[in-house]
Amino acid sequence: MGFWKSLFGAEEDNPETAKKNAEAKNFDLLKYDGVKAMRMGQFDYAEKCFHEALKIQDDPETHDYRQQVLTRMGRLDEALSELKTMAAAAPDNIAVLNQAAHVAYMMEDYGEMTALCEQALSVDDANAVATYQYAQAAIGQGDQVNGIARLTKAISLNENFGDAYLLRARTLLAMGELNGALSDVQWLIQHVEANEDVLLIAARILNALGKTNEALNIYNNVIEMNPFQVDAYRERGKIKYDRGDKQGAEEDLQKVLEMNPEEMADINGEYSAEGIEEKVKRAYSAINPFGI
């Protein structure tokens, strides 16, 4: 009798098997509906699909999809929770630990980030990404010396690690170590495609070294690349003001206020000839030459 049921597709007698088959079907529908919605940018719906799918089946891939959409939605604590669930299930998975550390960095939870980096490095102490993120956590907690050491190690592990060079240059500049910062920026300019972040740090270093003509040229290039780069206008205006170019400083300050009117809340009223020099002076007086 069982042979004929199997042959002709007769209804399954076992209700437990039927239930499992229905759950598997529902899981697949929810999971792949979620994937489709995620690819279309419908993150709210995608997250709901993945959440319901995980109630049916504890699936690592679905956890990963859910943490991706939660991260994009800004629900970072929930994304981190998903990643820690994945890490508990696969404690040797460096990629999961590194992603969890990255989400902790986005949350500015440097203590959690440090713990995750230490876990990753206990699995592979030669992992350049985990080493770099460990440096980010150290710098985030104000430990610049340890951060520089970790960045140097990350670069030794991956000599083309552009992000590590950039962060080391920024940190060295903040510490007043201008020659070291300049060396890292020169490497970046030689090896990385034109990038406004690199050019901005280069301009700040040159300005701090007193090479204001070169710094102005770089700020001009940045603004040509991105006419909405507010930092470039602000910092270029500061140099112009210090050099006595009050009109140029005013024009750059006006651009800053147009793009970010709340940034300088202590400057009130519309621009006019009356009091403009005092307003410009006040606006630029607090700007740090290092851009920090």
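This one's a predicted model, so the numbers in the text were calculated from it and none came from an experiment. (Residues numbered from 1 in each chain as written. Predicted model: local features only at pLDDT ≥ 70, side-chain atom pairs only at ≥ 80, totals over all residues. Heavy atoms only, no water.)

## Observations concerning the overall build of the protein
Quick reminder of the rule: Here a strand is any run of E in DSSP of at least two residues, a helix any run of H or I of at least four, and the numbering for each starts at the N terminus. Accessibility here uses a 1.4 Å probe with only protein chains present; expressed as a share of the type maximum, an area under 20% marks a residue as buried, one over 50% as exposed, and anything in between as partly exposed. Contact between two residues is taken to exist if any of their heavy atoms lie within 4.5 Å; hydrogens are not considered. Shrake-Rupley sampling with a 1.4 Å probe provides the accessible areas, and residues are treated as covered by the protein chains on show and by no other component.
Helix and strand counts for the protein come out as 16 helices and zero strands. By the burial criterion, 41% of the 292 residues in the protein qualify as buried. Contacts in the protein between residues far apart in sequence, at least 24 positions, make up 46% of those at least 6 positions apart. Surface accessibility of the protein: about 16100 Å² in total, with carbon and sulfur atoms responsible for 48%.

## Here we look at the nonpolar core
To be explicit about the condition: Among buried residues, the Ala, Val, Leu, Ile, Met, Phe, Trp, Tyr and Cys ones that are joined through side-chain atoms within 4.5 Å form a nonpolar core.
Counting residues in each nonpolar core, the largest one holds 40 residues, and the members touching the most others are Tyr132, Ala164, Ile201, Ile205, Ile218 and Tyr219. Those elements giving two or more residues to this core turn out to be α8 (128-140), α9 (144-157), α10 (162-174), α11 (178-191), α12 (196-208), α13 (212-225) and α14 (230-242). Element by element, the count of residues in this core is highest for α12, at eight residues. Leaving out residues up to four positions away in the same chain, Tyr219 has contacts with Leu200, Ala203, Arg204, Ala232, Glu235, Arg236 and Ile239.

## Considering unusual backbone geometry
Excluding glycine, residues mostly have negative phi values, and the peptide bonds linking residues are mostly trans. Here Glu108, not a glycine, exhibits a phi torsion of approximately 60°, which is positive. Structurally, Glu108 is set in the loop between α6 (94-106) and α7 (110-123).

## Section: the pattern of salt bridges
Note the following rule: Should a side-chain nitrogen of Lys or Arg be within 4 Å of a carboxyl oxygen of Asp or Glu, the pair is scored as a salt bridge.
Taken as a whole and assessed by the stated rule, the structure comprises 16 salt bridges. Of the charged contacts, one joins Arg66 and Glu47 as a salt bridge, the two residues approaching to 2.7 Å between their closest N and O atoms. Of this pair, Arg66 sits in helix α4 (residues 60-72) while Glu47 sits in helix α3 (residues 43-56), and the two are 19 residues apart along the sequence. The buried category is assigned to Arg66, whose relative accessible area is 9%. Salt bridges here are not isolated pairs; linked through shared partners, they connect Glu47, Arg66, Arg75, Glu78 and Glu82.

## A few points about the environment of Ile239
Along the chain, Ile239 falls in helix α14. Along the backbone, Ile239 and Ala249 are 10 residues apart, and their C-alpha atoms lie at a distance of 7.9 Å. In contact with Ile239, not counting residues within four places along its chain, are Asn207, Thr212, Ala215, Leu216 and Tyr219.

## Some remarks on the packing of aromatic side chains
Geometry of an aromatic ring pair is reported as the spacing of the ring centres plus the angle between the planes. Note the cut-off: For Phe, Tyr and Trp, where Trp contributes only its six-membered ring, two rings pair if their centres lie within 6.5 Å, and the inter-plane angle classes them as stacked under 30 degrees, edge-to-face over 60, or tilted in between.
For the coordinates displayed, the defined rule picks out four aromatic pairs. A centroid spacing of 5.5 Å and a plane angle of 20° characterise the contact between Phe50 and Tyr65, whose relative ring orientation is stacked. With Phe50 in helix α3 and Tyr65 in helix α4, this pair connects stretches of sequence that are 15 residues apart. The burial state of Phe50 is the same as that of Tyr65; both residues are buried.

## Description of α13
Rules: Here the expected length of a helix is defined as 1.5 Å per residue gap, with one fewer gap than residues. The arc in question is formed by the directions pointing from the helix axis toward the C-beta atoms.
Between its terminal C-alpha atoms α13 stretches 20 Å, which fits the 20 Å expected from 14 residues at 1.5 Å a residue. Listing the buried residues of α13 in full gives Ala215, Leu216, Ile218, Tyr219, Val222 and Ile223. Around the axis of α13, the buried residues are gathered within 165° of arc, so they sit on the same side. Against the buried residues of α13 lie α12 and α14.

Note that all results are geometric; they support no functional claim without further evidence.
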